[in-house]
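This is what each chain is made of:
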Amino acid sequence: MADTKPKRKKIGRNLRNKFRLVVMNDETLEERFAIRLSPMNVIVFFGTIMLALIFITLYLIAFTPLREYIPGYADVNMRRNMVMLSLKADSMEKQMHAENLFLNNFKKVMQDSIEPESHAADTSQTSLYDSIRHLQRSEDDSLLRLLVESQDQYVLSANDKSFSTGIGSYYFFPPVKGTITTPFSTIKKHFGVDIVASPDEVIKCALDGTVVIANWTSETGYIIGVQHSNNLFTLYKHNSALLKSVGDYVKAGEVIAIIGNTGEYSSGPHLHFELWYNSSPVNPVDYMTF
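Let me begin by describing the structure that accompanies this report. None of the values given here were measured: they were computed from a predicted structure.

1. Examining the side chain of Ser266
At step 1: Position of Ser266 among the secondary structure elements: in the loop between β10 (255–259) and β11 (271–277).
At step 2: A polar side-chain atom of Ser266 sits 3.1 Å from the main-chain carbonyl oxygen of Gly268.
At step 3: Discounting residues that sit within four places of it in the chain, Ser266 has contacts with His238 and Asn261.

Pasting the structure below:
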């Protein structure tokens, strides 16, 4: 222990010793520059410079875009933008899928093409109810059935077409009042009804909706189609004039066209009216009176 203290004192004294750094001209030995230094001052000076460099480096990495060049660091805004773009792409994909379904349904309507519907679910349900019918009915059950049937004999049954198609809750506005000359027939591919009315009679929209087609064809003349909610679509053909454009929102009972005799398939002033549900034509007479 006695030898350690003198060594420490000697080291501390050496660190505090003063030295002179002299710069001289090699030829004339003239003194150009001189500075007094100690080892302690040198250590403090260079230590301060190192700390300053470390602080500046950390500041540049933490608060400037230079950190992006260091492996492992990423731009926060770039990551946020990537997430937003991913969400937008997902939304656009869903929107495109919905629009493709709409365009396919609309194409089927315009081409009068009908695909056979699958009744697998109905068959399974029917078989389930058929199995229930084989159960023994009690006397009380039979009396209750008679009472209910007598009270509901004037109520629309579940087998009514309006309920089977799922559009019975809608109140349709007759587009025109007149006489039906050609009825609805899927066998003859006549997917609507022809209604004869007075010349220049106004045609009204059957339900609230948006006009998705309003143009001229050589076969059907001036036509206008309205897309409604719940996959309902109405089509009005052989008009003499159209009063609405594509994209217009119309209310039920609002005038959209004038009855006419346009198109090669027309033999006189009348309205050819079609009602479609889920890309399948339905008979308009089942839901409105002309």
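2. Examining the pattern of salt bridges
At step 1: Scanning all chains against the criterion turns up 5 salt bridges.
At step 2: Here Arg32 ties to Glu30 by a salt bridge, and the two come within 3.9 Å at their closest N and O atoms.
At step 3: We classify Glu30 as partly exposed; its relative accessible area is 42%.
At step 4: Lys94 is the partner of Asp90 in a salt bridge, and the nearest nitrogen-oxygen pair spans 3.7 Å. In this pair, Asp90 and Lys94 both sit in helix α3 (residues 76–111), 4 residues apart, roughly one turn of the helix.
At step 5: For Asp90, a relative accessible area of 37% puts it in the partly exposed group.

3. Comments concerning a nonpolar patch on the surface
At step 1: A surface patch of nonpolar side chains, amounting to about 850 Å² of accessible area, comprises Phe55, Ile56, Tyr59, Leu60, Phe63, Leu66 and Tyr69.
At step 2: Along the chain, Phe63 falls in helix α2 (residues 39–63).

4. As for unusual backbone geometry
A negative phi angle characterises most non-glycine residues, just as the trans form characterises most peptide bonds.
At step 1: Of note, the phi angle at Asn230 is positive, near 60°, even though the residue is not glycine.
At step 2: Along the chain, Asn230 turns up in the loop between β7 (221–227) and β8 (232–242).
At step 3: The phi dihedral of Asn278 falls on the positive side, at around 55°, and the residue is not glycine.
At step 4: When you line up the elements, Asn278 lands in the loop between β11 and β12 (280–282).
At step 5: Here Asn278 falls in the partly exposed class, since its relative accessible area comes to 39%.

5. Some points on the nonpolar core
At step 1: Formed by 36 residues in total, the largest nonpolar core has its most connected members in Phe172, Tyr236, Ile256 and Phe273.
At step 2: Take this core: its biggest share by element is 5 residues, from β11.
At step 3: With residues up to four places along the chain from it excluded, the contact list for Phe273 reads Pro175, Gly192, Val193, Ile195, Ala206, Thr234, Leu235, Tyr236, Pro284, Met288 and Phe290.

6. Topic: the side chain of Thr220
At step 1: Inspection of the secondary structure assignment puts Thr220 in the loop between β6 (209–217) and β7.
At step 2: Only 2.4 Å separates the side chain of Thr220 from the side chain of Thr217, close enough to count as a polar contact.
At step 3: Setting aside its immediate chain neighbours within four residues, Thr220 contacts Lys237, His238, Thr262, Gly263 and Tyr265.

7. So, the packing of aromatic side chains
At step 1: Using the criterion set out here, one finds 7 aromatic pairs in the structure.
At step 2: Ring centres 5.3 Å apart and planes at 80° place the aromatic pair Phe45 and Phe46 in the edge-to-face group.
At step 3: When the ring of Trp216 is compared with that of Tyr222, the centres are 5.0 Å apart and the planes differ by 70°; the resulting orientation is edge-to-face.
At step 4: Its relative accessible area of 33% is what places Tyr222 among the partly exposed residues.
At step 5: Members of the aromatic cluster, connected to one another through ring pairs, are Tyr170, Phe172 and Tyr287.

8. Let's talk about the pairing of β8
At step 1: β8 sits mainly inside the fold: 8 of its 11 residues count as buried.
At step 2: Across 5 bridges, the pairing between β7 and β8 is antiparallel. Bridge pairing links Gln227 to Phe233 in β8.
At step 3: The antiparallel hairpin formed by β7 and β8 contains 4 residues in its connecting segment, where Asn230 sits at a positive phi of about 60°.
At step 4: As defined by bridge partners, β8 adjoins β11 across 6 bridges and the pair is classed as antiparallel.

Analysis parameters
Residues numbered from 1 in each chain as written. Predicted model: local features only at pLDDT ≥ 70, side-chain atom pairs only at ≥ 80, totals over all residues. Heavy atoms only, no water. Helix = DSSP H or I, 4+ residues; strand = E, 2+ residues; numbered from the N terminus. Polar contact = N/O pair within 3.5 Å; in protein donor to acceptor, adjacent residues only side chain to side chain. Contact = heavy atoms within 4.5 Å. Salt bridge = Lys/Arg side-chain N within 4 Å of Asp/Glu carboxyl O. Buried < 20%, exposed > 50% of the residue type's maximum accessible area, 1.4 Å probe, protein only. Patch = residues over 30% accessible without salt bridge, like charges linked within 9 Å, V, L, I, M, F, W, Y side chains within 5 Å. Areas by Shrake-Rupley, 256 points an atom, 1.4 Å probe, with all protein chains shown as cover. Core = buried A, V, L, I, M, F, W, Y, C linked by side-chain atoms within 4.5 Å. Phe/Tyr/Trp six-rings, centres within 6.5 Å; stacked < 30°, edge-to-face > 60°. Pairing = 2+ DSSP bridges.

Read these as layout, nothing more, since geometry by itself doesn't imply function.
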